[in-house]
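A structural walkthrough
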Amino acid sequence: MTATATTAPPLTPSRRPSTVAGLQHTMTLAWRSLVQIKHNPMELLDLSIQPVMFVLLFTFVFGGAIAGSPGDYLLFALPGIIVQNAFFATMTTGFGLNHDLTKGVFDRLRSLPIARWAPLAGRILADTVKQAWSVTLLLGVGMVLGFRLGDNGIVGLLGAFALLLAFSLAAAWISVLVGVLVSEPDKVQIFGFMVIFPLTFTSNAFVPTETMPGWLQAWVEVNPVTVLADALRGLLVAGPVVGPVVQSLIWAAVLAAIFAPLSVRALRRRG
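Quick look at the structure, then. (Residues numbered from 1 in each chain as written. Predicted model: local features only at pLDDT ≥ 70, side-chain atom pairs only at ≥ 80, totals over all residues. Heavy atoms only, no water.)

**Here we look at the nonpolar core**
- Grouped together as the largest cluster of nonpolar side chains are 45 residues, with contacts concentrated most on Ile82, Phe87, Leu139, Leu228 and Leu232.
- Only α2 (41–67), α3 (70–102), α5 (118–145), α6 (153–181), α7 (185–201), α9 (224–236) and α10 (242–270) provide two or more residues apiece to this core.
- Top contributing element to this core by residue count: α3, with eleven residues.
- Setting aside chain neighbours within four positions, we find Leu139 in contact with Leu78, Ile82, Phe147, Leu157, Phe161 and Leu236.
- In terms of nonpolar packing, the next biggest core, distinct from the first, is built from twelve residues, Leu97, Leu101, Leu120 and Leu177 among them. (Core = buried A, V, L, I, M, F, W, Y, C linked by side-chain atoms within 4.5 Å. Buried < 20%, exposed > 50% of the residue type's maximum accessible area, 1.4 Å probe, protein only. Helix = DSSP H or I, 4+ residues; strand = E, 2+ residues; numbered from the N terminus. Contact = heavy atoms within 4.5 Å.)

Structural data, given as structure tokens:
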């Protein structure tokens with residue numbers, strides 16, 4: 001009696017998901033990140049309470065001393081506070097990414113038959129939605145306190161939203177790189193406080209540039225926070241629009257061009 005050897009069929013490599021399927025995976029994972037807020041409501045509180053506190057404190061504590069009245073200062077400071085909050089909010093991308101990496105969630109997601117870029121894209125997309133919520137909240141509180149749109153009206157408002165979200169998407173790559181490189185989520189927050197606080201307070205987000213020492217004004221004028229704050233003031237209130245908007249987009253392109261490839265490379269090495 002002879003034994004017949006059976007030959008296993010050759011394994012065929014699985015096909016990569018199409019671009020459309022990858023977009024669907026991205027939307028699903030973005031929704032996953034947003035739904036997690038139900039289990040971690042403190043994340044939404046951080047995006048809500050802290051920005052509102054900044055608006056109230058800066059308006060009523062410093063407004064009279066800096067601009068003569070809280071109402072006048074609100075027109076100047078609210079765009080700057082929105083920019084500051086947007087920079088801090090980008091840190092949530094790196095924090096959440098690092099949490100997923102250290103807990104093994106990211107590896108499990110990438111082991112699924114989904115586009116390899118979908119987990120990262122889903123995280124960034126979800127955080128962009130959170131950014132939109134935070135900006136809407138700040139503008140709503142500002143309106144209650146007396147903030148009013150300038151001559152650009154709703155067009156300026158939509159333009160400010162689009163510009164801020166585009167800049168936030170580019171700046172988020174800095175947070176992604178930090179989130180991949182550090183070993184603990186808390187270190188992402190430490191980086192945010194060490195870098196973003198000096199960056200925002202050495203800008204014209206809260207006080208006019210001309211009130212600062214001459215040696216500091218040179219940096220303030222090229223600070224990306226200053227450029228973006230001026231763009232939002234022009235769109236929402238009054239002042240130059242084209243120059244600050246173009247400079248903001250250039251800054252966004254530079255940040256994305258530098259930090260996106262570094263982030264992807266670091267993520268591949270870590271994976």
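**Concerning the packing of α5 against α6**
- Packing of α5 against α6 brings their axes to within 10 Å, and their N-to-C directions diverge by 135°. The orientation of α5 relative to α6 falls into the category oblique. The two elements α5 and α6 meet at a crossing, and its hand is right-handed. Touching Leu120, Ile124, Thr128, Gln131, Ala132, Val135, Thr136 and Leu139 of α5 are Leu157, Phe161, Leu164, Leu165, Ser168, Leu169, Trp173 and Val176, all from α6. (Axes fitted to C-alpha atoms, helices over the stretch in contact; angles between N-to-C directions. Parallel < 35°, antiparallel > 145°, perpendicular 65-115°, else oblique. Left-handed = near helix turned anticlockwise from the far one by under 90°.)

**Quick word on the pattern of salt bridges**
- One pass over the full model with this rule turns up four salt bridges.
- Ionic pairing is found between Asp100 and Arg123, a salt bridge with its closest N-O pair at 2.9 Å. Placement of the pair is Asp100 in helix α3 and Arg123 in helix α5, with a sequence separation of 23 residues. Arg123 matches Asp100 in its accessibility class, with the two residues each being buried.
- As a salt-bridge pair, Asp230 and Arg233 come within 3.2 Å of each other at their nearest N and O atoms. Note that Asp230 and Arg233 are positioned in helix α9 at a spacing of three residues, about one turn of the helix. (Salt bridge = Lys/Arg side-chain N within 4 Å of Asp/Glu carboxyl O.)

**Here's the deal with the environment of Met91**
- Inspection of the secondary structure assignment puts Met91 in helix α3.
- Owing to a relative accessible area of 9%, Met91 belongs among the buried residues under this scheme.
- Separated by 147 residues in the primary sequence, Met91 and Ala238 place their C-alpha atoms 30 Å from one another.
- If we ignore the near neighbours within four places in the chain, the residues touching Met91 are Ser175, Val188, Phe191, Gly192 and Ile196.

**A few points about the packing of aromatic side chains**
- The tally for this structure, following the rule as stated, stands at ten aromatic pairs.
- Between the aromatic rings of Tyr73 and Phe76, the centroid separation amounts to 6.5 Å while the plane-to-plane angle is 35°, which identifies the pairing as tilted. In this pair, Tyr73 and Phe76 both sit in helix α3, three residues apart, roughly one turn of the helix.
- Using a relative accessible area of 0% as the deciding quantity, one classes Tyr73 as buried.
- Judged by centre distance (5.1 Å) and plane angle (70°), the rings of Phe88 and Phe197 are edge-to-face. Taken as a pair, Phe88 in helix α3 and Phe197 in helix α7 lie far apart in primary sequence, 109 residues in all.
- Through successive ring pairs, a cluster of aromatic residues spans Phe54, Phe58, Phe62, Phe88, Phe193, Phe197, Phe201 and Phe206. (Phe/Tyr/Trp six-rings, centres within 6.5 Å; stacked < 30°, edge-to-face > 60°.)

**A look at the packing of helix α1 (residues 19–35) against α5**
- Where α1 meets α5, the closest approach of the two axes is 7 Å, and the angle between their N-to-C directions is 50°. Taken together, the axes of α1 and α5 lie oblique to each other. You can see that α1 and α5 cross each other, and the crossing is right-handed. When α1 is examined against α5, the residues Gly22, His25, Thr26, Met27, Leu29, Ala30, Arg32, Ser33 and Leu34 are found in contact with a partner set consisting of Ala118, Pro119, Ala121, Gly122, Arg123, Leu125, Ala126, Val129 and Lys130.
- Grouping the amino acids of the contact of α1 with α5 by side-chain chemistry returns ten nonpolar, five polar and three charged. (Nonpolar A, V, L, I, M, F, W, Y, C, P; charged D, E, K, R; others polar.)

**Describing the side chain of Thr209**
- Considering the arrangement of structural elements, one finds Thr209 in the loop between α7 and α8 (214–222).
- Judged by relative accessible area, which is 12%, Thr209 ranks as buried.
- Filtering out sequence-adjacent residues up to four positions away, Thr209 remains in contact with Asn204, Gln217, Val220 and Glu221.

**Quick word on the side chain of Asn204**
- As for its placement among the helices and strands, Asn204 is situated in the loop between α7 and α8.
- When its relative accessible area of 5% is taken as the criterion, Asn204 is described as buried.
- Here Asn204 is in contact with Phe76, Thr209, Met212, Val220, Thr226, Ala229, Asp230 and Arg233, once residues within four sequence places are set aside.

By themselves, these figures tell us nothing about what the structure is for.
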